[in-house]
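Now for the letters of each chain:
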Amino acid sequence: MKTINYHAAYAAACALISTSTWAESPTLTNPAISAVLDGYYQNTERPMSERVEGFGLGHTELALSANIDDMFYGKLTAVVESHEGETELGLEEGFIQTLAMPGGFSIRAGRFLSDVGYLNNQHVHTDSFSDRPAAYRAFLGSHYFDDGVRLNYVAATDLYLAMGIEAFKGDSMRAADEHNEREYKELGVYTAYTKFGGDIGANGSWLAGLSYMRNENGRLTADEHESDEHESEEHEHSHSAQYTGENTYIADFVYKWAPNGNYKYQHLTLSGEYFKVTDFTPLQGSGEANLGTQNVDDQQGWYLSGVYQLSPNWSTGLRYGEVDTQEMHGDHFHPQKLEETELSLAWHNSHFSTVRLQYTNQKGTNFDGIEDDNVFTLQYVMTLGAHGAHQF
Amino acid sequence: MHINSNLVKVAALALSMGYSSLANAGLNIFACEPEYAALVKELAPDAKIYSATTALQDPHQVQARPSLIAKMRQADLAVCAGADLEVGWLPMLQMKSSNANVRSTDHGLFFAAEHVDTLDKLESVDRSMGDVHALGNPHLHFSPYRMLEVAKALTVKLISLDPDSQDQYQAALKVFSHKWSLAIPDWEAKAASLKGKKVIAYHSSFRYLFDWIGMEQVGDLEPKPGLPPSSSHLASLLKRTATGDVMAIIVASYQSERGANWLGERANLPVKVLPMSVGGNEQSQDLFSLYDSVIDLLLKI
């Protein structure tokens, strides 16, 4: 993420907001302009997280979206984050999408969130927990957005069936290179995904997906002799995937339930995802010969989450997740594991304001020195302006 | 020579209907709410109709769920209330379904509210006012005169998408308009005794109904549109009922009765659940029986 000074960030923010003077009553056809305010206090750190200890701003976001004309839709999402006295302005989305391609096809180009997995294409402020599951933080850098292009297809069937392919630069998915010697491929990441979904009776709806991600720059380099010391310094604030590999497989599902399908008062969301990352060891002959032949387990991660909206004002969520990764130490790998049990309670004054209290228990094995930590987070997420609809 | 022109028209109509129903496979129509599915059924009986919501679901808070994306992907026409009622989910369905047909009102998208004068339009909108609609109240299906206007405009839309069946659509509109225009005075006569009656209701769901039959909503269970009834707000409504002029507390079929029951018990007022749309109770099978049911239920109080 590019760091610029506070005044520039403020000016950019004002530039985005001032356009709202000509869009006083946003409709389906006028630009939707919105800001999401996210602030928190956290008693300690979560590994691989974008949130740091103490007070902080999370994804404070400015978004502008509209149909450009009869053929194109466009969206721009800027994220402002504050870290150690510095204000960072990042561009999380800046894409166009076709609106009028025939046959259920559409193309998205620019910078956008990849459609792999279930959570990745959702904006983090819609989450029911203050951070993404450990598997997302480890393998996708919390949420994977990048510059690239997507071709998506929706079938004309009563069972929802969509599939797509994407190609990205993949900068944030590159395996670490400590000595700045490595030559990366410019077109780094390719994905393919498919999603199915439908209703079960009048009360339930479901969506399931399978995704594959090919990361051309995902293999580690062999000569990371002093990797342990370097790694621990990098955990402060990162938007990149910490653990990469050449191939990533993701399976995901979500089931939502509401009495009579009426989401106004109560509803339940059950979701889960499984990640498998393979082929991360350095290739033979690229340095230490024995590394490539060493038998190392694949990296894995998963989570299960249940969120219950008790009333329009209150919701509560329970999530368990773990991640098993491999850390390279010179000529061998150390397996490490992180388990997280999380409980969240949120108060919603309206659809647009949330105050959340979250408790996380982290159990680690060789993971950043974590053994049995308790993390408390108090957070608000509030939306102002004409905010676009959210996905299922 | 004087020929009965009506007879000729009817004969021509019958002929063309017989002919075109052979040619017409029927449009695939996605209705956002059941009242518009019912209206489409009156105006395009051959169409394949799908209703995205039921009368037991709040149309403000619908999930852009996979089944709806799949249905919208196949639609030739989407018929919705408009006035931002579906702003929380319809744009996502349009985006996700990759169906250019239903993207714009120039093509296969129809917003009922665009064809009538809505009540309670607002000059400026602020979120502190709650979840309000600047384009006016979108729950217009309880205004029989407006529904007649909507039916006419929808017929124009159907013809523009399926010109081969023009005569059929015009005939169906004629039949519907005739039946509907005959029903209106009957409903008005039946509801005459309700004129001037005061109620407390949930949201502005029945704004057009009360406007039509001359009832007055003197209190809203919601402190602000979209916010659930709070205890302090209910307490203020209880004070309002002390004057003794409130007839009943009204909630729609998708709204919680909790706040209404609390108030009803303390104010000694009846709580009545009215079907918000077709399918909201057993009696409401189409638009006609929906109106009948709502007026019957109000008269029983």
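Residues numbered from 1 in each chain as written. Chains lettered and ligands numbered in written order. Predicted model: local features only at pLDDT ≥ 70, side-chain atom pairs only at ≥ 80, totals over all residues. Heavy atoms only, no water.

1. Observations concerning the confidence of the model for chain A
Step number 1: Per-residue pLDDT for chain A averages 86, and the proportion of residues at 70 or more is 85%.
Step number 2: In the predicted structure, residues 1-26 of chain A sits below a pLDDT of 50 and forms 33 contacts with residues beyond four places in sequence or in another chain. (pLDDT = per-residue confidence, 0-100. Contact = heavy atoms within 4.5 Å.)

2. Side note on the pairing of strand β12 (residues 267-278) of chain A
Step number 1: Two elements, strand β11 (residues 247-257) of chain A and β12 of chain A, share eleven bridges in a ladder whose sense is antiparallel. By the bridge assignment, A251 of chain A is partnered in β12 of chain A with Y274 of chain A. (Pairing = 2+ DSSP bridges. Helix = DSSP H or I, 4+ residues; strand = E, 2+ residues; numbered from the N terminus.)

3. Some thoughts on the packing of helix α5 (residues 144-161) of chain B against helix α6 (residues 166-190) of chain B
Residue and element names in this part refer to chain B.
Step number 1: At their nearest, the axes of α5 and α6 sit 10 Å apart, and the two run at 175° to each other. Relative to α6, α5 is oriented roughly antiparallel. Only Q166, Y169, Q170, L173, F176, S177, W180, S181, I184 and E188 of α6 make contact with α5, whose side of the interface consists of P144, Y145, M147, L148, A151, K152, T155, L158 and I159.
Step number 2: Considered class by class, the residues forming the contact of α5 with α6 number twelve nonpolar, five polar and two charged. (Axes fitted to C-alpha atoms, helices over the stretch in contact; angles between N-to-C directions. Parallel < 35°, antiparallel > 145°, perpendicular 65-115°, else oblique. Nonpolar A, V, L, I, M, F, W, Y, C, P; charged D, E, K, R; others polar.)

4. Focus: the pattern of salt bridges
Step number 1: The tally for this structure, following the rule as stated, stands at 34 salt bridges over all chains.
Step number 2: Linking R207 of chain B and D120 of chain B is a salt bridge whose minimum nitrogen-to-oxygen distance equals 2.6 Å. Highlighted residues: R207 of chain B in helix α7 (residues 207-213) and D120 of chain B in the loop between β4 (109-111) and α5, separated in sequence by 87 residues.
Step number 3: Judged by relative accessible area, which is 38%, D120 of chain B ranks as partly exposed.
Step number 4: In this structure, a network of salt bridges that share partners links the residues K185, R214, E216, R219, E246 and D279 of chain A. (Salt bridge = Lys/Arg side-chain N within 4 Å of Asp/Glu carboxyl O. Buried < 20%, exposed > 50% of the residue type's maximum accessible area, 1.4 Å probe, protein only.)

5. Some thoughts on the sheet that holds strand β2 (residues 48-51) of chain B
All names here are of chain B.
Step number 1: Pairing is parallel across the open sheet formed by four strands, whose spatial order is β2-β1-β3-β4. The open sheet has two free edges, formed respectively by β2 and β4, since each of these has just one partner strand. Ignoring strand direction, the axes of neighbouring strands in this sheet form an average angle of 20°.
Step number 2: As paired strands, strand β1 (residues 28-31) and β2 are joined by four bridges and run parallel to one another. Paired with N28 across the bridge in β2 is K48.

6. Some details on α6 of chain B
Step number 1: Spanning 25 residues, α6 of chain B covers 36 Å between terminal C-alpha atoms, matching the ideal 36 Å at 1.5 Å per step.
Step number 2: For α6 of chain B, every residue scored as buried is listed here: Q168, Y169, A171, A172, L173, F176, S177, W180, A183, I184 and W187 of chain B. (Expected span 1.5 Å × (residues − 1).)

7. As for the sheet that holds strand β8 (residues 271-274) of chain B
All names here are of chain B.
Step number 1: Overall, parallel pairing links the four strands, which are arranged β6-β5-β7-β8 in an open sheet. Of all the strands in the sheet, just β6 (216-220) and β8 have a single pairing partner and so form its edges. Across the sheet, the mean angle separating the axes of adjacent strands is 35° when strand polarity is ignored.
Step number 2: Here four bridges tie strand β5 (residues 198-201) to β6, and the two strands are oriented parallel to one another. Among the inter-strand pairings, I200 is bridged to a residue of β6, identified as G219.

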